[in-house]
Amino acid sequence: MSLEDEKGENAGETDIAFVGSPVFYGPQVLKQVRAEFGLRAFRFDSLAPANETCRHSPLHLAVVDQAFGDELLELASKDQPVLGNATIALAYRTPTVAREFMQRWTARFERPVGFLPMNVPIEVWLSFMRLLLHCQLVLPDELVSAAPQTPAKRQASPATESDTRPTATASMKQLTSREQQVLELIARGESNKRIAAELNITVHTVKLHVHNLVQKLAVPNRTAAVGLYFEHTQDGRPG
């Protein structure tokens, strides 16, 4: 287990847990959550130890990365306590993955679950976090199509933008070999300075590559680009 936290004397006082890669839920995210909400926060590399911790320490909100969606479903199906009494939210970068998870969850369990979009501006992300902390499980517009419908309505529903956008693999093919190298290093959690040293280029050049690859992938920021990278490699779990 890898535990990173902004805490007092012990992790038992913590209010929010993130389950996922430090690429998405690293120290800066934990620090921002603490500053914005005045709550302690920590991160787990996997779901099992997070669930075990919840058996002994109260938890207000558990944010589970989309990479652990299947594991969360499996854990809930064992008819055992899942993440205590915490509000559960699936953090997602890919709407289709979140919609599939919603359909499978609602078909099997009565416990409500929230959704936290990751490819949004920070102020929007914080707004979703604030709602989740108040147990307000607002459904993002891009997931509305996953709500239960009659077969006739499903057949008549038009394709959404996320259904028709290029696949992650197609998007990655737009990048140059150097841009792909830069993105891979970002996904490993490297800073611009470390990337520059690794590739023997200047930090300014690294920033230029990041700007270009973000534009080509049609995503709002480098974190969203990493999400697309993991979707492409089908490896959203920490190595």
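Residues numbered from 1 in each chain as written. Predicted model: local features only at pLDDT ≥ 70, side-chain atom pairs only at ≥ 80, totals over all residues. Heavy atoms only, no water.

Visitor: Explain the overall build of the chain residue by residue, including any values.
Guide: In terms of regular secondary structure, the chain is built from twelve helices and six strands. Looking at the chain as a whole, 43% of its 239 residues are labelled buried. Residue pairs at least 24 apart in sequence account for 72% of intrachain contacts in the chain once pairs closer than 6 positions are excluded. In the form shown here, the chain has an accessible surface area of approximately 12,700 Å², with 50% of it arising from carbon and sulfur atoms. (Helix = DSSP H or I, 4+ residues; strand = E, 2+ residues; numbered from the N terminus. Buried < 20%, exposed > 50% of the residue type's maximum accessible area, 1.4 Å probe, protein only. Contact = heavy atoms within 4.5 Å. Areas by Shrake-Rupley, 256 points an atom, 1.4 Å probe, with all protein chains shown as cover.)

Visitor: Describe the packing of helix 3 (residues 69-76) against helix 4 (residues 95-108), naming the residues involved and giving the relevant values.
Guide: Running from N to C, helix 3 and helix 4 cross one another at 5 degrees; their axes reach a closest spacing of 11 Å. Considering the angle they form, helix 3 stands roughly parallel to helix 4. From helix 3, Gly-69, Asp-70, Leu-72, Leu-73 and Ala-76 reach across to helix 4, where they touch Phe-101, Arg-104, Trp-105 and Arg-108. (Axes fitted to C-alpha atoms, helices over the stretch in contact; angles between N-to-C directions. Parallel < 35°, antiparallel > 145°, perpendicular 65-115°, else oblique.)

Visitor: Hey, could you go over helix 4 for me, with residue numbers and the actual values?
Guide: If you check helix 4, its first and last C-alpha atoms are 20 Å apart, about what 14 residues at 1.5 Å a residue would give, namely 20 Å. Buried within helix 4 are the following residues: Pro-95, Ala-98, Arg-99, Phe-101, Met-102 and Trp-105. Buried residues of helix 4 fall within an arc of 160 degrees about the axis and therefore sit on the same side. (Expected span 1.5 Å × (residues − 1). Arc of directions from axis to C-beta.)

Visitor: Go over the confidence of the model for the chain with me, naming the residues and quoting the values.
Guide: Summary statistics for the chain give a mean pLDDT of 78 and a share of 81% for residues scoring 70 or more. Mean pLDDT across the elements of the chain bottoms out in strand 1 (residues 4-6) (44) and peaks in strand 4 (residues 61-65) (94). Across residues 1-13, confidence stays below pLDDT 50; counting only partners more than four residues off in sequence or on other chains, it has 33 contacts. Below pLDDT 50 for its whole length, residues 235-239 participates in twelve contacts with residues either more than four positions away or in separate chains. (pLDDT = per-residue confidence, 0-100.)

Visitor: Outline the side chain of Asp-65, listing residues and values.
Guide: On the secondary structure map, Asp-65 appears in strand 4. Asp-65 gets classed as buried once you look at its relative accessible area, which sits at 0%.

Visitor: Lay out the pattern of salt bridges with the relevant residues and their values.
Guide: Counted according to the given criterion, the structure contains eight salt bridges. Note that Arg-40 is salt-bridged to Asp-15, the shortest N-O span being 3.8 Å. Residue Arg-40 is found in the loop between helix 1 (27-37) and strand 3 (41-44), and its partner Asp-15 is found in the loop between strand 1 and strand 2 (16-19); the two are separated by 25 residues along the sequence. Using a relative accessible area of 29% as the deciding quantity, one classes Arg-40 as partly exposed. Judged by its relative accessible area of 21%, Asp-15 falls in the partly exposed class. Its salt-bridge partner being Arg-104, residue Asp-70 comes within 2.8 Å of it at the nearest N-O pair. On the criterion of sequence distance, the pair formed by Asp-70 in helix 3 and Arg-104 in helix 4 is long-range, its members being 34 residues apart. (Salt bridge = Lys/Arg side-chain N within 4 Å of Asp/Glu carboxyl O.)

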